[in-house]
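Survey of secondary and tertiary structure
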Amino acid sequence: MCGRFIAKTDHAWENFFTLKKPPPRFESYNIAPSQKVPAIRRVADGNECELLRWGLFPFFAHGAPPKYHTINARVETVATSPAYRGPWKRAQRCIVPANGFYEWQLLPDGAKQPYFIHLTDRELFGFAGLWDSSTSAEGETTLSFTIITLPASPFMAEIHNTRKREPAILHQDDHEAWLAGSAERAQAALRSYEGELMSAHA
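Residues numbered from 1 in each chain as written. Predicted model: local features only at pLDDT ≥ 70, side-chain atom pairs only at ≥ 80, totals over all residues. Heavy atoms only, no water.

**A short note on the pattern of salt bridges**
In the structure shown here, the tally under the stated rule is 10 salt bridges. One salt bridge in this structure joins R41 and E50, with 2.4 Å as the shortest N-O distance. Across the pair D173 and R191 runs a salt bridge whose closest N-O atoms are separated by 4.0 Å. You can see D173 sitting in the loop between strand 12 (169-170) and helix 4 (175-180) and its partner R191 sitting in the loop between helix 5 (183-188) and strand 13 (198-201), a full 18 residues away along the chain. (Salt bridge = Lys/Arg side-chain N within 4 Å of Asp/Glu carboxyl O. Helix = DSSP H or I, 4+ residues; strand = E, 2+ residues; numbered from the N terminus.)

**A look at the packing of aromatic side chains**
When we look at a pair of aromatic rings, we describe it by the centre distance and by the angle of the planes. Counted according to the given criterion, the structure contains 10 aromatic pairs. Ring centres of F5 and W54 lie 5.1 Å apart, and the angle between their planes is 70 degrees; on these two criteria the pair is classed as edge-to-face. A residue pair is termed long-range when its members are at least 10 positions apart, and F5 in strand 1 (residues 4-8) and W54 in strand 4 (residues 46-54) qualify at 49 residues. Take F5 and W54: they sit in the same class, and that class is buried. Considering the side-chain rings of F125 and F127, the 5.4 Å spacing of their centres and the 80 degrees angle between planes classify their relative orientation as edge-to-face. Per residue, the accessibility class of F125 equals that of F127, and both read buried. Above the ring of W131, the side-chain terminus of R41 is found at 4.2 Å from the ring centroid. The ring centre of W178 lies 5.6 Å from the NZ or CZ of R93, which sits over that ring. (Phe/Tyr/Trp six-rings, centres within 6.5 Å; stacked < 30°, edge-to-face > 60°. Buried < 20%, exposed > 50% of the residue type's maximum accessible area, 1.4 Å probe, protein only. Lys NZ or Arg CZ within 6 Å of the ring centre and 35° of its normal.)

And the structure:
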């Protein structure tokens, strides 16, 4: 899963994510669910970065937060879960930029040790996400997203040793397929990042 991460905008974002204009200024070292954070969506004339709420409000929720957690969507059920199958079918895919994320390891004494995980081949990367739009009876629209998770790789399974999940980190050459490709190409982009290109410390 992914429950906390880091993101801070800089000049590298525009080229790395092929944005049509600079992203909104943002910096946080402990992003938590329900916060508004940068997310990249495909629009008519290119890729746009804007602030979306973390924790997906399905369109049928009428602007109200669901009673269940929607910060992460499991890749195994993303096409069938009531909350996510609509965005998946409508190709409402997004990229959530990050500089690193946190996971917790269960220790033998029952304590939990947080770890910071980042990539060794680049400082900036993007999680695969889905977004949706939900409008309340008063006409207020909430744009929100969820981060897709995968079964943990051997590297991540040692750290996240309870649920053994990991966020779907996109390779740069899969950005286009994820944002604008077919469902088959998007599905193929959901693969574990190479453990030898990741680093973690307590």
